[in-house]
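Take a look at the letters that make up each chain.
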Amino acid sequence: MCRHLAYLGPPVPLRRLLVDPPGGLYEQSWRPRRQRHGTVNADGFGVGWYPEPYPHLPRQAEGAGGTGAAGGGRRGGTDGAAGSTGPAARPAGPDAPAGLVGSSAPAALAEPPGDDGFPLPARYRRALPVWADQNFGELARTIRSGAVLAAVRSATEGTTPDESAAAPFRDGRWLFSHNGAVADWTRLPTTLTPAELLALEAHSDSALLWATVGRRLRQGEAPGSALAGVVREVAAARPTARLNFLLTDGRCIAATAWGDTLWYRFRPGAVVVASEPDDVLGDGLGPWQEVPDRSLLLATTDGVRVLALRPERKDTL
Ligand code: GLN
(Lines give C-alpha, C1' and ligand atoms only; values in the text may rest on other atoms or scores of the structure.)
Protein backbone atom coordinates (compact mmCIF):
# COMPACT_ATOMS: atom_id res chain seq x y z
CA MET A 1 0.00 0.00 0.00
CA CYS A 2 1.14 3.41 -0.67
CA ARG A 3 0.83 6.57 1.40
CA HIS A 4 -0.70 9.78 0.12
CA LEU A 5 -1.51 13.34 1.20
CA ALA A 6 -3.57 16.29 -0.04
CA TYR A 7 -3.46 19.90 1.15
CA LEU A 8 -5.54 23.02 0.59
CA GLY A 9 -4.60 26.26 2.33
CA PRO A 10 -2.24 29.19 2.21
CA PRO A 11 0.70 28.65 -0.18
CA VAL A 12 3.61 26.77 1.42
CA PRO A 13 6.86 25.35 0.03
CA LEU A 14 6.34 21.67 -0.86
CA ARG A 15 9.20 20.90 1.46
CA ARG A 16 7.35 22.21 4.50
CA LEU A 17 4.37 20.05 3.71
CA LEU A 18 6.05 16.83 2.61
CA VAL A 19 9.71 16.66 3.70
CA ASP A 20 10.21 18.62 6.93
CA PRO A 21 7.49 17.10 9.14
CA PRO A 22 8.84 14.27 11.31
CA GLY A 23 6.78 11.23 10.40
CA GLY A 24 5.53 13.03 7.25
CA LEU A 25 5.10 11.68 3.74
CA TYR A 26 8.84 11.75 2.91
CA GLU A 27 9.67 9.66 5.96
CA GLN A 28 6.70 7.41 5.30
CA SER A 29 8.48 6.25 2.15
CA TRP A 30 10.88 4.20 4.29
CA ARG A 31 9.23 4.21 7.74
CA PRO A 32 5.45 4.31 7.59
CA ARG A 33 4.02 3.82 11.05
CA ARG A 34 0.42 2.89 10.43
CA GLN A 35 0.44 1.24 7.03
CA ARG A 36 -1.61 -1.95 7.11
CA HIS A 37 -0.09 -3.62 4.03
CA GLY A 38 3.51 -3.54 2.81
CA THR A 39 6.58 -2.20 4.57
CA VAL A 40 8.28 0.51 2.52
CA ASN A 41 7.09 2.81 -0.28
CA ALA A 42 10.20 2.87 -2.42
CA ASP A 43 8.87 2.12 -5.92
CA GLY A 44 8.27 5.71 -6.91
CA PHE A 45 6.61 8.92 -5.85
CA GLY A 46 4.78 11.86 -7.27
CA VAL A 47 3.70 15.38 -6.42
CA GLY A 48 0.95 17.35 -8.14
CA TRP A 49 0.47 21.02 -7.37
CA TYR A 50 -1.68 23.87 -8.59
CA PRO A 51 0.02 27.11 -9.67
CA GLU A 52 -1.30 30.55 -8.75
CA PRO A 53 -3.99 31.78 -8.80
CA TYR A 54 -5.34 29.03 -6.54
CA PRO A 55 -8.96 28.08 -7.14
CA HIS A 56 -9.81 27.96 -3.42
CA LEU A 57 -8.30 31.33 -2.43
CA PRO A 58 -9.82 34.77 -3.04
CA ARG A 59 -8.47 36.32 -6.17
CA GLN A 60 -5.12 38.04 -5.61
CA ALA A 61 -4.90 41.81 -6.16
CA GLU A 62 -4.37 42.73 -9.81
CA GLY A 63 -0.75 43.41 -10.63
CA ALA A 64 0.49 42.27 -7.22
CA GLY A 65 2.63 39.48 -8.54
CA GLY A 66 3.60 40.42 -12.05
CA THR A 67 1.74 39.24 -15.10
CA GLY A 68 0.33 36.04 -16.42
CA ALA A 69 -0.49 33.03 -14.28
CA ALA A 70 1.50 34.29 -11.31
CA GLY A 71 -0.48 37.42 -10.66
CA GLY A 72 -3.23 37.83 -13.16
CA GLY A 73 -6.08 36.44 -11.13
CA ARG A 74 -8.73 34.41 -12.83
CA ARG A 75 -8.47 33.86 -16.54
CA GLY A 76 -11.67 33.29 -18.29
CA GLY A 77 -12.79 31.56 -21.39
CA THR A 78 -9.59 31.28 -23.40
CA ASP A 79 -9.17 28.40 -25.73
CA GLY A 80 -6.61 26.22 -24.00
CA ALA A 81 -6.26 23.61 -26.69
CA ALA A 82 -5.13 26.16 -29.24
CA GLY A 83 -2.57 27.53 -26.80
CA SER A 84 -3.43 31.18 -27.35
CA THR A 85 -0.96 32.17 -24.63
CA GLY A 86 2.34 30.67 -23.56
CA PRO A 87 5.36 29.34 -25.41
CA ALA A 88 3.50 27.00 -27.73
CA ALA A 89 1.78 29.90 -29.45
CA ARG A 90 4.89 32.00 -29.94
CA PRO A 91 5.93 31.96 -33.60
CA ALA A 92 9.36 30.42 -33.76
CA GLY A 93 12.04 32.60 -35.35
CA PRO A 94 14.85 31.34 -37.55
CA ASP A 95 17.00 30.73 -34.44
CA ALA A 96 14.41 28.65 -32.64
CA PRO A 97 15.82 25.34 -31.50
CA ALA A 98 14.61 22.22 -33.24
CA GLY A 99 11.41 21.05 -31.65
CA LEU A 100 10.13 24.57 -31.06
CA VAL A 101 9.36 25.31 -34.69
CA GLY A 102 5.90 26.66 -35.38
CA SER A 103 3.46 25.56 -32.74
CA SER A 104 5.05 22.18 -32.13
CA ALA A 105 6.38 22.93 -28.64
CA PRO A 106 5.61 20.15 -26.17
CA ALA A 107 2.10 20.51 -24.81
CA ALA A 108 3.48 20.62 -21.28
CA LEU A 109 5.14 23.96 -22.03
CA ALA A 110 1.87 25.65 -22.90
CA GLU A 111 -0.29 27.08 -20.16
CA PRO A 112 -3.73 25.79 -20.97
CA PRO A 113 -6.31 27.06 -18.54
CA GLY A 114 -8.65 24.45 -17.12
CA ASP A 115 -12.28 24.44 -18.02
CA ASP A 116 -12.90 26.73 -15.05
CA GLY A 117 -10.33 29.29 -16.23
CA PHE A 118 -7.68 28.40 -13.63
CA PRO A 119 -4.30 27.03 -14.69
CA LEU A 120 -4.06 23.25 -14.65
CA PRO A 121 -1.95 21.45 -12.05
CA ALA A 122 1.62 20.33 -12.72
CA ARG A 123 3.15 17.01 -11.72
CA TYR A 124 6.61 15.65 -10.92
CA ARG A 125 6.69 11.84 -10.80
CA ARG A 126 9.59 9.42 -10.63
CA ALA A 127 10.00 5.66 -10.47
CA LEU A 128 12.63 5.68 -7.72
CA PRO A 129 12.49 6.14 -3.95
CA VAL A 130 11.85 9.77 -3.07
CA TRP A 131 14.98 9.86 -0.89
CA ALA A 132 17.11 8.78 -3.87
CA ASP A 133 15.94 11.53 -6.22
CA GLN A 134 18.67 14.09 -6.82
CA ASN A 135 16.28 16.82 -7.93
CA PHE A 136 13.36 16.60 -5.58
CA GLY A 137 15.03 18.52 -2.74
CA GLU A 138 15.57 21.60 -4.87
CA LEU A 139 12.08 21.51 -6.28
CA ALA A 140 10.53 20.99 -2.86
CA ARG A 141 12.50 23.92 -1.45
CA THR A 142 11.46 26.35 -4.16
CA ILE A 143 7.99 25.33 -5.37
CA ARG A 144 5.18 26.76 -3.29
CA SER A 145 1.54 25.93 -3.64
CA GLY A 146 -1.74 26.24 -1.83
CA ALA A 147 -3.18 23.05 -3.35
CA VAL A 148 -1.13 19.84 -3.44
CA LEU A 149 -1.59 16.08 -3.83
CA ALA A 150 1.41 13.79 -3.29
CA ALA A 151 2.05 10.06 -2.94
CA VAL A 152 4.83 7.55 -2.30
CA ARG A 153 4.39 4.17 -3.98
CA SER A 154 4.77 0.53 -3.09
CA ALA A 155 3.94 -1.13 -6.40
CA THR A 156 1.47 -3.97 -6.53
CA GLU A 157 2.81 -7.09 -8.24
CA GLY A 158 2.23 -7.20 -11.97
CA THR A 159 1.79 -3.45 -12.44
CA THR A 160 3.86 -1.02 -14.49
CA PRO A 161 7.08 -0.23 -12.61
CA ASP A 162 7.78 3.10 -14.33
CA GLU A 163 6.67 6.62 -13.44
CA SER A 164 3.49 6.39 -15.52
CA ALA A 165 2.03 4.31 -12.69
CA ALA A 166 3.09 6.72 -9.93
CA ALA A 167 0.32 8.89 -8.51
CA PRO A 168 -0.98 11.48 -8.89
CA PHE A 169 -2.90 10.58 -12.01
CA ARG A 170 -4.39 13.58 -13.76
CA ASP A 171 -7.30 14.46 -15.99
CA GLY A 172 -7.79 18.18 -16.66
CA ARG A 173 -7.95 19.91 -13.31
CA TRP A 174 -8.30 16.66 -11.33
CA LEU A 175 -5.48 14.89 -9.47
CA PHE A 176 -6.03 11.37 -8.11
CA SER A 177 -4.21 8.77 -6.03
CA HIS A 178 -5.10 5.21 -5.01
CA ASN A 179 -3.72 3.54 -1.92
CA GLY A 180 -4.64 -0.14 -2.11
CA ALA A 181 -4.90 -3.13 -4.39
CA VAL A 182 -7.56 -5.03 -6.33
CA ALA A 183 -7.11 -8.78 -6.76
CA ASP A 184 -7.23 -10.08 -10.33
CA TRP A 185 -7.87 -6.54 -11.60
CA THR A 186 -7.21 -7.38 -15.25
CA ARG A 187 -10.47 -9.35 -15.17
CA LEU A 188 -12.47 -6.81 -13.20
CA PRO A 189 -15.86 -6.21 -14.84
CA THR A 190 -15.72 -2.75 -16.38
CA THR A 191 -17.95 -0.41 -18.30
CA LEU A 192 -14.95 1.31 -19.88
CA THR A 193 -14.84 1.08 -23.66
CA PRO A 194 -11.97 -0.70 -25.43
CA ALA A 195 -10.67 2.74 -26.48
CA GLU A 196 -10.70 3.92 -22.86
CA LEU A 197 -8.92 0.75 -21.76
CA LEU A 198 -6.25 1.17 -24.43
CA ALA A 199 -5.74 4.77 -23.29
CA LEU A 200 -4.96 3.83 -19.67
CA GLU A 201 -1.88 5.70 -18.56
CA ALA A 202 -0.32 2.60 -17.00
CA HIS A 203 -0.90 -1.13 -16.64
CA SER A 204 -2.14 -1.00 -13.05
CA ASP A 205 -5.24 -1.36 -10.93
CA SER A 206 -4.91 2.31 -9.94
CA ALA A 207 -4.88 3.53 -13.56
CA LEU A 208 -8.00 1.44 -14.27
CA LEU A 209 -9.76 2.78 -11.18
CA TRP A 210 -8.80 6.34 -12.09
CA ALA A 211 -10.21 5.99 -15.61
CA THR A 212 -13.46 4.74 -14.06
CA VAL A 213 -13.64 7.62 -11.58
CA GLY A 214 -12.59 10.10 -14.28
CA ARG A 215 -15.39 9.06 -16.57
CA ARG A 216 -17.95 9.70 -13.83
CA LEU A 217 -16.42 13.14 -13.20
CA ARG A 218 -16.53 14.00 -16.89
CA GLN A 219 -20.19 13.04 -16.92
CA GLY A 220 -20.76 15.70 -14.26
CA GLU A 221 -20.93 13.51 -11.17
CA ALA A 222 -19.83 15.16 -7.90
CA PRO A 223 -16.39 14.01 -6.67
CA GLY A 224 -17.69 12.27 -3.53
CA SER A 225 -20.37 10.48 -5.47
CA ALA A 226 -17.89 9.37 -8.14
CA LEU A 227 -15.52 7.87 -5.54
CA ALA A 228 -18.34 6.22 -3.58
CA GLY A 229 -19.85 4.78 -6.75
CA VAL A 230 -16.57 3.19 -7.84
CA VAL A 231 -15.85 1.82 -4.35
CA ARG A 232 -19.26 0.14 -4.29
CA GLU A 233 -18.93 -1.25 -7.80
CA VAL A 234 -15.44 -2.65 -7.26
CA ALA A 235 -16.10 -3.93 -3.74
CA ALA A 236 -19.13 -5.84 -5.03
CA ALA A 237 -16.97 -7.62 -7.62
CA ARG A 238 -13.83 -7.94 -5.42
CA PRO A 239 -14.76 -8.03 -1.73
CA THR A 240 -11.09 -8.03 -0.67
CA ALA A 241 -10.27 -4.87 -2.64
CA ARG A 242 -8.53 -2.06 -0.76
CA LEU A 243 -9.73 1.25 -2.09
CA ASN A 244 -8.34 4.32 -0.35
CA PHE A 245 -8.84 7.05 -2.93
CA LEU A 246 -7.69 10.68 -2.80
CA LEU A 247 -9.00 13.24 -5.29
CA THR A 248 -8.74 17.02 -5.63
CA ASP A 249 -9.45 19.76 -8.14
CA GLY A 250 -7.59 22.37 -6.08
CA ARG A 251 -10.86 23.49 -4.49
CA CYS A 252 -12.10 20.45 -2.64
CA ILE A 253 -10.66 17.13 -1.51
CA ALA A 254 -12.63 13.88 -1.63
CA ALA A 255 -11.19 10.71 -0.09
CA THR A 256 -12.24 7.21 0.88
CA ALA A 257 -11.08 4.95 3.71
CA TRP A 258 -11.66 1.39 2.53
CA GLY A 259 -9.07 -1.06 3.78
CA ASP A 260 -6.28 1.21 5.02
CA THR A 261 -5.77 4.23 7.26
CA LEU A 262 -6.91 7.79 6.64
CA TRP A 263 -6.49 10.93 8.79
CA TYR A 264 -7.10 14.66 8.51
CA ARG A 265 -6.36 17.99 10.22
CA PHE A 266 -8.31 21.19 9.77
CA ARG A 267 -8.59 24.80 10.73
CA PRO A 268 -10.72 27.37 8.90
CA GLY A 269 -8.65 28.18 5.80
CA ALA A 270 -6.49 25.04 5.69
CA VAL A 271 -6.93 21.27 5.57
CA VAL A 272 -4.59 18.27 5.25
CA VAL A 273 -5.85 14.78 4.44
CA ALA A 274 -3.26 12.00 4.68
CA SER A 275 -2.88 8.24 5.00
CA GLU A 276 -1.27 8.73 8.37
CA PRO A 277 -0.48 11.58 10.76
CA ASP A 278 2.90 13.29 11.09
CA ASP A 279 4.29 14.68 14.33
CA VAL A 280 3.88 18.39 13.60
CA LEU A 281 2.41 20.35 16.49
CA GLY A 282 1.75 23.99 17.10
CA ASP A 283 1.37 25.10 13.49
CA GLY A 284 -2.17 26.31 14.00
CA LEU A 285 -3.92 23.35 12.43
CA GLY A 286 -6.15 21.29 14.69
CA PRO A 287 -5.16 17.84 16.00
CA TRP A 288 -5.09 14.88 13.64
CA GLN A 289 -8.41 13.04 13.45
CA GLU A 290 -8.70 9.43 12.35
CA VAL A 291 -11.30 8.57 9.72
CA PRO A 292 -13.11 5.28 10.38
CA ASP A 293 -12.71 2.53 7.80
CA ARG A 294 -15.48 2.47 5.16
CA SER A 295 -15.92 6.23 5.09
CA LEU A 296 -16.09 8.98 2.54
CA LEU A 297 -14.40 12.28 3.45
CA LEU A 298 -15.28 15.58 1.79
CA ALA A 299 -13.16 18.62 2.62
CA THR A 300 -12.72 22.24 1.63
CA THR A 301 -10.95 25.04 3.48
CA ASP A 302 -14.34 25.75 5.09
CA GLY A 303 -14.86 22.36 6.72
CA VAL A 304 -14.62 18.57 6.65
CA ARG A 305 -17.44 16.03 6.49
CA VAL A 306 -17.03 12.30 7.07
CA LEU A 307 -19.84 10.02 5.91
CA ALA A 308 -20.26 6.28 6.39
CA LEU A 309 -19.89 4.34 3.14
CA ARG A 310 -22.18 1.35 3.04
CA PRO A 311 -21.81 -1.15 0.23
CA GLU A 312 -25.52 -1.16 -0.58
CA ARG A 313 -26.45 2.50 -0.18
CA LYS A 314 -27.37 4.47 -3.27
CA ASP A 315 -25.39 7.63 -3.95
CA THR A 316 -27.13 10.66 -2.55
CA LEU A 317 -24.16 13.00 -2.45
N1 GLN B 1 -1.97 -0.84 -6.57
C2 GLN B 1 -1.38 0.45 -6.69
C3 GLN B 1 -0.04 0.41 -7.41
O4 GLN B 1 0.42 -0.59 -7.80
C5 GLN B 1 -1.26 1.12 -5.34
C6 GLN B 1 -0.28 0.39 -4.50
C7 GLN B 1 -0.30 0.70 -3.06
O8 GLN B 1 -1.21 1.30 -2.49
N9 GLN B 1 0.71 0.23 -2.46
O10 GLN B 1 0.56 1.42 -7.57
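Residues numbered from 1 in each chain as written. Predicted model: local features only at pLDDT ≥ 70, side-chain atom pairs only at ≥ 80, totals over all residues. Heavy atoms only, no water.

Asks: Outline the environment of Ala274, listing residues and values.
Replies: Its place among the elements puts Ala274 in strand β10 (residues 270–274). A C-alpha to C-alpha distance of 9.6 Å links Ala274 and Leu149, two positions 125 residues apart in sequence. In contact with Ala274, not counting residues within four places along its chain, are His4, Leu5, Leu262, Trp263 and Trp288. (Helix = DSSP H or I, 4+ residues; strand = E, 2+ residues; numbered from the N terminus. Contact = heavy atoms within 4.5 Å.)

Asks: Run through the sheet that holds strand β1 (residues 3–13), naming residues and quoting values.
Replies: Strands sit in the order β3-β2-β4-β1-β10-β9-β11 across an open sheet of seven strands; the sheet is antiparallel. The open sheet is flanked by β3 (122–126) and β11 (289–290), the only strands paired with a single partner. (Pairing = 2+ DSSP bridges.)

Asks: Could you give an account of the pattern of salt bridges, with specific residues and numbers?
Replies: Following the criterion strictly, the structure yields 16 salt bridges and no others. Here Asp249 and Arg173 are joined by a salt bridge, their closest N and O atoms 3.2 Å apart. Separated by 76 residues along the polypeptide, Asp249 in the loop between β7 (242–248) and β8 (253–257) and Arg173 in the loop between β5 (169–171) and β6 (174–181) bring together distant segments of the chain. With relative accessibility at 5%, the residue Asp249 sits in the buried group. Of the charged contacts, one joins Asp283 and Arg265 as a salt bridge, the two residues approaching to 2.9 Å between their closest N and O atoms. Of the two residues, Asp283 sits in the loop between β10 and β11 while Arg265 sits in strand β9 (residues 263–267), which places them 18 residues apart along the sequence. Here Asp283 falls in the partly exposed class, since its relative accessible area comes to 38%. Residue classification places Arg265 among the buried residues on the basis of a relative accessible area of 5%. Put simply, Arg3, Asp260 and Glu276 are held in one network by salt bridges that share partners. (Salt bridge = Lys/Arg side-chain N within 4 Å of Asp/Glu carboxyl O. Buried < 20%, exposed > 50% of the residue type's maximum accessible area, 1.4 Å probe, protein only.)

Asks: I'd love a proper account of the layout of surface pockets, names of residues and values included.
Replies: Taken as a whole, the second largest pocket encloses approximately 330 Å³ of empty space. Lining the second largest pocket we find 17 residues, and of these Val12, Arg16, Leu17, Asp283 and Leu285 sit closest to its centre. Ranked by residues supplied to the lining of the second largest pocket, first place goes to β1 with four residues. Class assignment of the residues belonging to the lining of the second largest pocket gives a composition of 11 nonpolar, no polar and six charged. (1 Å grid on protein atoms, 1.4 Å probe; cavity = no way out; pocket = protein on both sides within 12 Å on 5 of 7 lines; lining within 4 Å. Points joined across faces, edges and corners; volume = space filled by probe spheres on them. Nonpolar A, V, L, I, M, F, W, Y, C, P; charged D, E, K, R; others polar.)

Asks: Pulling in residues and values, what's your account of the side chain of Ser145?
Replies: Along the chain, the position of Ser145 falls in strand β4 (residues 144–152). Ser145 gets classed as buried once you look at its relative accessible area, which sits at 0%. From its side chain, Ser145 meets the backbone oxygen of Ala147 in a polar contact 3.0 Å long. (Polar contact = N/O pair within 3.5 Å; in protein donor to acceptor, adjacent residues only side chain to side chain.)

None of the figures reported here should be taken as evidence of function without further support.
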